[in-house]
Amino acid sequence: MYPNSPTSRHQPLLRTSSRSGYPRFIPVKYKNFYLILFTIILVGLILTGIFQFWPHSIDIREERESFSLYDVGHLEEVTVPLMSAIPDRGELECRMHSCFDPYQCQASPNNRISVYIYPMKKYVDENGVPVMPSISREFQEVLTTIADSEYNTNDPARACLFVPSIDLMNQNILRLRETGQVLGRLPRWNHGHHDFQLQGANHLLFNMLPGMEPDYNTALEVPRGKAILAGGGFSSWTYRPGYDVSIPVFNPFTADMELPGKPDGYSRPWLIVSAQTVIHMDFRAELDAVARDNDDVLVLDRCNNLPEGIPAHRRRCKEDRVYNYPDILQEATFCMILRGARMGQSALSDAMMAGCIPVVAIDTYVMPFSEVLDWKRAAVLLREEDLPDVHNVLRRISQERINNMRRQVEFFWRSYFRSMKVITMTTLKVINDRAFRHASRSYEDWNDPTPKSGVTSPLFLPLIPTQAMGFTAVILTYDRVESLFRVITEIAKTPSLAKILVVWNNQAKSPPQGSTWPKVNKPLKVIQTTANKLSNRFHPYDEIETEAVLAIDDDIIMLTPDELEFGYEVWREFPDRLVGYPGRVHLWDNATKSWKYESEWTNDVSMVLTGAAFYHKYFGYLYSMAMPGDIKNWVDKHMNCEDIAMNFLIANVTGKAPIKVTPRKKFKCPECTNVDNLSADQSHMVERSVCINKFTDIYGMMPLKMMEHRADPVLYKDNFPEKLKRFNQVGPL
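Right, let's walk through the structure included here. Treat the numbers as computed from the prediction; the structure is a model and nothing was measured. (Residues numbered from 1 in each chain as written. Predicted model: local features only at pLDDT ≥ 70, side-chain atom pairs only at ≥ 80, totals over all residues. Heavy atoms only, no water.)

### What to know about the sheet that holds strand β25 (residues 594-598)
For sheets, the rule is that strands pair by backbone hydrogen bonds, running either parallel or antiparallel. If you trace the 3 strands from one edge of the open sheet to the other, you get β25-β24-β26, paired in antiparallel fashion. Pairing within the sheet leaves two strands with one partner each, and these edge strands are β25 and β26 (607-608). Of the pairings in the sheet, the one linking strand β24 (residues 583-589) to β26 comprises 2 bridges and is antiparallel in character. The residue bridging R584 from the neighbouring strand is M607, located in β26. Across the face of the sheet, helix α16 (residues 682-699) comes into contact with β24, β25 and β26 while running at roughly 135 degrees to β25. (Pairing = 2+ DSSP bridges. Helix = DSSP H or I, 4+ residues; strand = E, 2+ residues; numbered from the N terminus. Contact = heavy atoms within 4.5 Å. Axes fitted to C-alpha atoms, helices over the stretch in contact; angles between N-to-C directions.)

The following block contains the structure:
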């Protein structure tokens, strides 16, 4: 139905080529409709004198004093010859490793990119007509923000990134060929030494409204070589992952508004509000059908015959009733975001400003800053074909999740959306993280609101514990002597093992005689406990002299020395996290309105089993001496959930998720029967769910963090000779 959408409203698509080289998809059924519609709109805009997108465009010739970054009144005039070179149209294959020169960033201090802004000039063609007659206040704010930031440099020789002082925000007002020629004339465009293979490399262009009628490409069509594009409205067909930056479409009409805050617990009368004025008739028909069947759905449109003096952009109508916009969005739990002529819609920012959870039904749309922001926490992403079922989908979302999503929406709005300054700084931070991966922000830094007091890593220097120290293996056992001896024999082969500590938890039976124990080349000590408690496994015994502790059960005989050594190497990189092998997840059950423990194999991990897991010995002290509430007693009484308790503890203290290593998803004990295997017992699963809800009540919140991540050895799956791989013995499951 819309340009550049391969999943249109079930209509045949006509694929055409374009000057930019990007694929275009034009629905055959609506092509003539769009041609007529956009012609009418274009004529109306010209007649009313508002052809510029932003209402406060600044004409260089009339308001020169308003642009403070440069002396606009004394700009150098540059004539662009008709036959000037035109850059390449833009390479879809560009990635940071192929089109960005990292050596340009060597002179940047403190793991921070240096950004150089080209001096502003007035470019005219051979007839003296300005190539770019105006500059918007929005782009002025982009340049001012960069100039005032810690990233700015006045020395192009030390710059890592270059920003042309050329306003490309709105493609509607650009002369594409001439603008490309202007870019090609920039001193550093060809990498400073006429290297046409690198034209545009390390340059950053800002564009918010790409494409032109009638087909509206989803990326800027100015010839731009290898320049990075910070663009609003990318589709997955035109977005270059990890290279371009998808930015939100800024709405100048609502940017300066301050909506009155709603009190905590305020009940919003509408479940869904749709307040966009330019959406396709098919979408509107489907929304109208949903509204007819449900009293809590409000579908609004533009207002006709408003009294003179009332701005149309501040009103929306339903038949004869008029609503203030964007105020009405505060009365809705969810706000619909659909594509218009362009994919990127300012309605997304308006909804977030109002604290309304966006429901984005735009196939192939690349969400703003999706490289770093987890939109599943702040929005409902819906396929266009599922629009008729939107009410049923949203009704199934629990109130707790709605509250969490609303907090996340407000956090995203304040941190990344609320002004052109914030959008610009976020763009630079994303690129900075790419250029200096080792110093980049973590997932939590980008996505977690300001953590509550006390949620910070308690571990200090050294950031990476010394490898020479190694780790202590603490084996909790009762009377499975044969498998215990096999575990000791196997883990003793791990190079970084420093000591083995056996915690004998059977008070009715003495440990085996010393002569019967395996002969290993590492120190081995047995500690007899006074009571059979699961918490004994985490006790901070004096015999533990290393920072790293491996908690391991006496029946985990399937882990290889390579897997254990690799797990220890990963822990050294993340000493404030729990690092383990099989992962588990907690889920919210809408039917029971409670948390549920889940052991199914998924990509999500929020817990790792401490049947084999590395942790810092500090957390052993916290578990034994400072566990909140009666969790420790609960675990010892029920003889279950000590691993869940440790996951809760570490996540609450650090605010971080555990890390799963290697592909192993289960611990299969070949000598254990189904009766012995607790993880296969349904009553065991129920009790684990009870534990999660019990611990959540004690903490007063859910501290567990979800992560989609797994650490595997380098070259693990690559077809290389084994002698080139450091870790060869890594099990598949």
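Picking up where we left off.
### Describing helix α14 (residues 631-638)
Regarding α14, the residues found buried are I631, W634, V635 and D636. Each element contacted by the buried residues of α14 is listed here: α13 (617-625), α15 (642-654) and α16. M639 sits one or two positions beyond α14 and adopts a positive phi of about 50 degrees. (Buried < 20%, exposed > 50% of the residue type's maximum accessible area, 1.4 Å probe, protein only.)

### So, the state of the cysteines
Note on terminology: a disulfide is the covalent bond linking the sulfur atoms of two cysteines. Enumeration according to the criterion identifies 5 disulfides in this entry. For C303, the disulfide goes to C317, at an S-S distance of 1.9 Å. Taking the sign of the torsion about the S-S bond as the criterion, the disulfide between C303 and C317, at about 105 degrees, is right-handed. Here the residue C303 occupies a position in the loop between β13 (297-299) and β14 (315-318), and C317 occupies one in strand β14, the gap between them amounting to 14 residues. Given the relative accessible area of 13%, C303 is considered buried. Residue class for C317 comes out buried when judged on its relative accessible area of 10%. Between the sulfur atoms of C641 and its disulfide partner C691 the distance amounts to 2.0 Å. (Disulfide = S-S within 2.5 Å.)

### What to know about the side chain of S136
For S136, the position within the fold is in strand β7 (residues 134-136). Relative accessible area serves as the criterion here: at 5%, S136 is assigned to the buried category.

### As for the pattern of salt bridges
One pass over the full model with this rule turns up 29 salt bridges. A salt bridge links R112 to E150; the shortest N-O distance between them is 3.8 Å. Placement of R112 in the loop between α2 (96-99) and β5 (115-117) and of E150 in the loop between α3 (137-148) and β8 (161-163) is noted, with a sequence separation of 38 residues between them. When its relative accessible area of 49% is taken as the criterion, E150 is described as partly exposed. Between K694 and D630 there is a salt bridge; the shortest N-O distance is 3.9 Å. Of the two residues, K694 is situated in helix α16 and D630 in the loop between α13 and α14; the sequence distance between them amounts to 64 residues. Three or more residues are tied together by salt bridges with common partners; here these are D125, R175 and E178. (Salt bridge = Lys/Arg side-chain N within 4 Å of Asp/Glu carboxyl O.)

### Regarding the pairing of strand β27 (residues 612-616)
Regular strands show a simple pattern: their side chains alternate between the two faces of the sheet. The buried count for β27 comes to 5 of 5 residues, which makes it a mostly enclosed element. Judged by which residues are buried, β27 turns out to be covered on both faces: A612, F614 and H616 on one side and A613 and Y615 on the other are all buried. Inspection of the sheet shows strand β22 (residues 548-553) paired to β27 by 5 bridges, in the antiparallel sense. Residue pairing for β27: A548 is matched across the bridge by H616. Alignment of strand β23 (residues 579-580) against β27, held across 2 bridges, turns out to be antiparallel. Opposite G580, over in β27, you have A613 as the bridge partner.

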